[in-house]
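Each chain, letter by letter, is given below.
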Amino acid sequence: MVDVAIIGAGPAGSAAAIELARAGRSVLLIDGKTFPRAKVCGGCLSGSATTRFKQLLGPGRDLPGVPGARISFVIGSYRLTVDPNGATWMVPRAEMDAALAAAAEEAGATTSFGRAATLEQADERWDVILGTERIRAGVVLVATGLSGLPRTLGIRNRCPSHPMVAQQWIQPAGPSLPALGHVELHWLREGYVGLATPHADTCVVAIGCDR
C-alpha cells in the first residue's frame, strides 16, 4: 500500500513525486522505460522552467547542461537572435529526466523503471499491476500524456488531434553548427528543425513536421 502511485516518470510525474515525497507521502514512481532514456526534445528550458528545475533538484546540486547563451529563430532569409543572459538552460532530455528521477528517489520516493504498469479497478479504486505484483494505492496519478494508458481507461484528448512525425539524433559539434549554449530553430512550411549544443562536443538535432 502506498499513498500515491505515479505512472510516468517524465518531468510532470517526477516533479509530482518529488513534491509529494518531500511532504511526507509514500510514493511509488513507475515508468516502463529505463533511465536515462532517449526522448525527442530540443532540450532548451525557459527562465521560469530553469528556476523550477533548480527547485526540484534541491539546494547544493548542480544542474546538468549549460546556461543558454543565444537563441535564434530562422524563417527563410530572416533571423531573429536573442541573448537570454544565462536565464535559460540547455540540457538533453535524457539527462534532465534522469536528474529528476534521481531527485525523486533522494526525496524518499520508491521507483520502478523498466516495467510497464497496468491498472485494474477493484473495490471502487484502482490497483497498479507490475508483472505479478499488485499494488494498492490511495491515489493513482497517470502522467503519461494523452496516449497509451490513459486511452485504455477511456480518457480522450478533447483537442483535435494533429499527428506529426518527430525525429532526433545527436552528432558531434562542428564549426557549421551552433556553438556551445546556442539554439537555432529553423521554421519550415509544415514543421521545424531545431539544433542545440548542450555540450562542447555534442549537437542535438530535432525535426518535427506534419504527417
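Residues numbered from 1 in each chain as written. Predicted model: local features only at pLDDT ≥ 70, side-chain atom pairs only at ≥ 80, totals over all residues. Heavy atoms only, no water.

Undergrad: An account of the packing of helix α2 (residues 47-57) against helix α3 (residues 93-107) is needed here, citing residue identities and associated values.
TA: Relative to each other, α2 and α3 sit at 35°, their axes nearing to 9 Å. In this structure, α2 uses F53, L56 and L57 to contact α3, whose residues at the interface are M96, A99, L100 and A103. (Axes fitted to C-alpha atoms, helices over the stretch in contact; angles between N-to-C directions. Helix = DSSP H or I, 4+ residues; strand = E, 2+ residues; numbered from the N terminus. Contact = heavy atoms within 4.5 Å.)

Undergrad: Break down the sheet that holds strand β7 (residues 89-90) for me, with residues and values.
TA: Judged by pairing direction, the sheet is antiparallel, and its three strands sit side by side in the order β3-β7-β4 without closing on themselves. Because the sheet does not close on itself, it has two edges, and the strands there are β3 (44-45) and β4 (66-67). Here β4 runs beside β7; their pairing, made up of two bridges, is antiparallel. Counterpart to P67 in the pairing with β7 is W89. (Pairing = 2+ DSSP bridges.)

Undergrad: Can you explain the pairing of strand β1 (residues 2-7)? Please cite residues and give values.
TA: Counting buried positions over the six residues of β1 gives five, a clear majority of the element. Bridging between β1 and strand β11 (residues 133-142) involves five bridges; their strand directions are parallel. Counterpart to I7 in the pairing with β11 is V142. Where β1 meets strand β2 (residues 27-31), four bridges bridge the pair, whose relative direction is parallel. Pairing of A5 across the sheet is with L28, part of β2. Once the chain exits β1 it traverses helix α1 (residues 11-22) before rejoining the sheet at β2, and the crossover so formed is right-handed. (Buried < 20%, exposed > 50% of the residue type's maximum accessible area, 1.4 Å probe, protein only. Right-handed = clockwise from strand over helix to strand, strands pointing away.)

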